[in-house]
Structures are given as C-alpha cells and as structure tokens.
Amino acid sequence: MNFWGYKRADGRAGIRNHVLILPTCACGSETARIVASQIRGAVNIIFNTGCSDVAANTAMSQKILTGFACNPNVFGVVIIGLGCETVPHAKLREKIKSMTNKPVVSFGIQEEGGTLKTIEKAVRAARNLAASASLQQKELCDISELLLGIECGGSDATSGIASNPAVGELSDKLIDLGASTLMSESIEWIGGEHVLAKRAATPEIHNQIIKICADYEKHLLAAGQDCRAGQPTPGNKFGGLSTIDEKSLGCIRKGGTRPIVEVLKQAERPTKRGAIVMDTAGYDISSVTSMVAAGCNAIIFTTGRGTPTGNAIVPVLKVTANAQTFSWLEDNIDVDLSGIIEGTLTITESGDLLLKEIYDVCNGKLTKAEAYGFSDIAVDHVCRFV
Amino acid sequence: MTKAILLDEKDNVATCTSAAKKGDTIKILGGGEISCVEDIPIWHKVALCPIVKGEKIFKYGEIIGEASVDIAKGGWVSHENIFSVPRDYDNELI
C-alpha cells in the first residue's frame, strides 16, 4: 500500500510540505504568527515557554521545538527569536541543522531592530522557502513510512466501547501493512496497565509500562495531587466514566492488539517500527504536541463529547461513536462511527473505513481542523517558571 | 426500549445507550432484561445484580472500581457510588 508523499533526505516521508515559522520563545510567537499569515504554505505555532525555565522544562521545550522542525511534514523552517531567551535562535538553528538537512534560517527581534524589521526579513525568507517547497513533487511512498499518532480526548463511555476499539482495529491493520502507530497518554493506562503490558514484546517492555504508571502516580503525589482526583475529568464523569480504571481500560483499546515493540520517553523519535507507546500526559493537546515532535505524520483522535482541536504541522482526524456529538459538532468531527453502537457497523468494517480515511489524509485530504488552520499546542512542564 | 451493552460475561454492569427512567425495562445486549430502579443518564452504567459495599465492579471483564455503598440491581452505577482502588505495581512486574 502506497501513498503520495514528500520524501525527505533522512529517509522519512511527509504527507504535508509546510514551511514552519517557529518561535524560540513566547516573545517570538506573535511575530511568527504575522510572518506565517503573509505566506501561503506557511504554518506557525504559538509557544508559551522558552524562557525563565528550570533545566528540565528547557529540555522538554527544546525537544518539542527541534522535533517540530524535524517532523517529516515540514519542508523548511524560519525561526523567530527574541535575543534573551534560554536558547537563542542561532543555537536552536544549529541544533536543528545537526539533526536534519532541511533548510533552516533564523532571525532575532532584538538584533534586527524590532518586530517590523524582523517581519520584513522573515517574510522574504519564508517566501523563498515556500517557492522551493512548491517545486517539490509528491512521490509514491510506502505505507511503512507512516507513523500514526493515536489520541483520545473528551472521552465518554462510547469511546472505550466503540471508537477506541475501531481505532485499535485500524492500528492492527496499519501494523500488518508495515506502518507504525504511536499511543501515548500514560496516565490513562493506570488501571489498565496490566492489560496493556500483556502486549509487550519483551519482559523489559512489560516492566517499563508498569513502571511508567507507578512513576506518574509518584510524580503527582510529590506535587500533592492524587491522580484519581483529576481523572476522570468532570466531562468524562458526565459521559459515564466513573473511575480512572474505567477510563484507562477504554483508552488502551485504541492501541489495538499487536505487540508493543518500543516504549518512548516524551517527544522522543522512535527507533523501531510497529506498535509503539510513549509516556505523556493525558492532556490531549500536550500528548499530540509530543507525538508530533516524535515525528508522527498524522494523528487519529477519538472523542465522545467532541473537540475542535487541530495541529499546525500534522493533520488531526477526529472520530466519534456518539451520534448526538457527531450531529451537534459535525463541523469539528470528521468521521461518524455511531453505527457501531447502533449495531449497523462492525469493528472490522470501522477499521476498513478508518484505513480509507487515513489513506486519503496521507494523500492530501484536509481534515476539518486542518482546513480551519487550527494549531493547538501545549508543552508539558515538570516545574514552575523561575 | 432502552438498551444497555454488556461487554464481558464477568461484568456486573452494562452501559445504557439511551437514558433510562425508573421502572423501564432495559434490554441487555449480551443477554436478558433488567428492571431499572432509578433514572440513569445515557452512557451511564446499570447494575446487573445487587452489589454490596466493598464489592468490585467489573466492566471489560476487568475491575473498574469498588462500591462505596450498596447498589441495587437495576441501580445507577457512577462516580458517586464507586471508587478507584490503588494499584499494586510491584506485584505486576515480571
């Protein structure tokens, strides 16, 4: 199975060909937004960190920024810095250049003499990159180049019963075709971690999965928070999910049944192919941010209560099995799987339907959030700002 | 008729696919019928048998929590009457 994508020098394949306008810190975000708004084919992110951070937070924000730049859906990067942030634009640029040979240029607002002068230079640079990007032809790429991120958010009881098993079926089909899938949200393994760990390809992976859950609970307890007090969320409870265990046992079904071949730290790039899991927050925006930084080309997102979320770099395909949610939020949700609950659609048929949808998205079909230009981002933090 | 989905034969709850009113008969997809003893919102769980305080709640064939009060057969099972039991991670390691 092949799709038409953009082959990158590092061997990966993009399903989009964006010019990314990347701020180094919050202070570069508005300038980056204005630059992106001037150039067809450019996308930007709003970054809320990059300054006044402890080392662990800086390490996470750098993983996100470099991961976004290296994502195969990105053709080239224009970095907008300020000048006094923790990692200045030239340093970030050189770091990205050491990881990828795509074109990267950078500007600093303090060096250039303000936002307008920076915008002038950056728009010109972005225009040149967009012109180069427009010349790159799509090529047939093997489906094994697809790394699909699997996410859920705004879950209700329909998620675990129907849409998550359907996405699990999709994941199994993709892995059997040679592609890879990435499931995250480790806090939402708690209570189902013993079931998830049964899929581990090795005893080491089994124990990594258990340990991630134990460590997550300890981390929150150190901050005075019982994970069972925050999970399920009020919306989850309203939607019929009573405990974290019930939520997790439904959540993990979206990962399918194939052996888990690798466990990643947050925002890390996989080294293996197949079913992969990553330690991230259950906060969906943060989890998607980390999966995009890890190199996912597309995200499939199940929801029960509905969400508009999208990502600047990677198309987010949203599905629900809640008929009321689909009809009420049809402008935000791509695929209706309510037939599973009504008994008119099997899980196997749903997997086939989603495979077709993902195949179309790989070939360029815009998801609804993508067409609206949505670009949610949340960088996980371990500590207060300093 | 109101329906509820039973996911595993070990389960003592089923998930209602529409709102149920007290006195309704709920058809359990997966076997049998049950009389609903209180109003239950859509997507919430109905108890398939009497559940006493301290008893485990099963869904997906797995434990999702423990009853904090006695729950009648046909009653509403929610975050108000069940709670999550802490994990024993050390014993799960292999």
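For the structure itself, consult the block above.
What you are looking at is a predicted structure, and each value in this text was computed from that prediction instead of being measured.

Digging into the overall build of chain A
For chain A, the count of helices and strands is 16 helices and 14 strands. For a compact globule of 386 residues, the expected C-alpha radius of gyration is about 21 Å, and chain A comes in at 20 Å, within 12% of that figure. In terms of its C-alpha atoms, chain A occupies a principal-axis envelope of roughly 60 × 50 × 40 Å. Looking at chain A as a whole, 59% of its 386 residues are labelled buried. At a minimum sequence separation of 6, the contacts of chain A that also span at least 24 residues come to 72%.

Examining helix H3 (residues 89-99) of chain A
Owing to its 3.6 residues per turn, the α-helix aligns residues three or four sequence positions apart on the same side. Residue and element names in this part refer to chain A. Of the positions making up H3, those classed as buried are His89, Leu92, Arg93 and Ile96. The buried residues of H3 all sit within an arc of 100 degrees when viewed along its axis, so they share a single face. Exposed positions of H3 whose direction lies more than 90 degrees from the buried face are Glu94 and Ser98. The inward-facing, buried residues of H3 abut helix H2 (55-70), strand S5 (74-81) and strand S6 (104-108).

Some remarks on the sheet that holds S6(A)
Residue and element names in this part refer to chain A. Read from one edge of the open sheet, four strands run S4-S3-S5-S6, paired in parallel fashion. Looking along the sheet, the strands with just one partner apiece sit at the ends: strand S4 (42-44) and S6. When the angles between neighbouring strand axes are averaged without regard to direction, this sheet yields 20 degrees. Pairing of strand S3 (residues 18-23) with S5, which is carried by six bridges, proceeds in the parallel orientation.

Examining the sheet that holds strand S4 (residues 33-35) of chain B
Residues and elements named next belong to chain B. Taken in spatial order, the six strands line up as S4-S3-S1-S2-S5-S8 in an open sheet, and their pairing is mixed. Two strands lie at the open edges of the sheet, namely S4 and strand S8 (76-77), each paired on one side alone. The pairing of strand S1 (residues 2-5) with strand S3 (residues 25-29) spans four bridges and is parallel. By the bridge assignment for S3, Thr2 is matched with Ile26.

Analysis parameters
Residues numbered from 1 in each chain as written. Chains lettered and ligands numbered in written order. Predicted model: local features only at pLDDT ≥ 70, side-chain atom pairs only at ≥ 80, totals over all residues. Helix = DSSP H or I, 4+ residues; strand = E, 2+ residues; numbered from the N terminus. Rg over C-alpha atoms; globule rule 2.2 N^0.38 Å. Buried ≥ 20, exposed ≤ 12 C-beta atoms within 10 Å, placed from the backbone. Contact = placed C-beta atoms within 7 Å. Arc of directions from axis to C-beta. Pairing = 2+ DSSP bridges. Axes fitted to C-alpha atoms, helices over the stretch in contact; angles between N-to-C directions.

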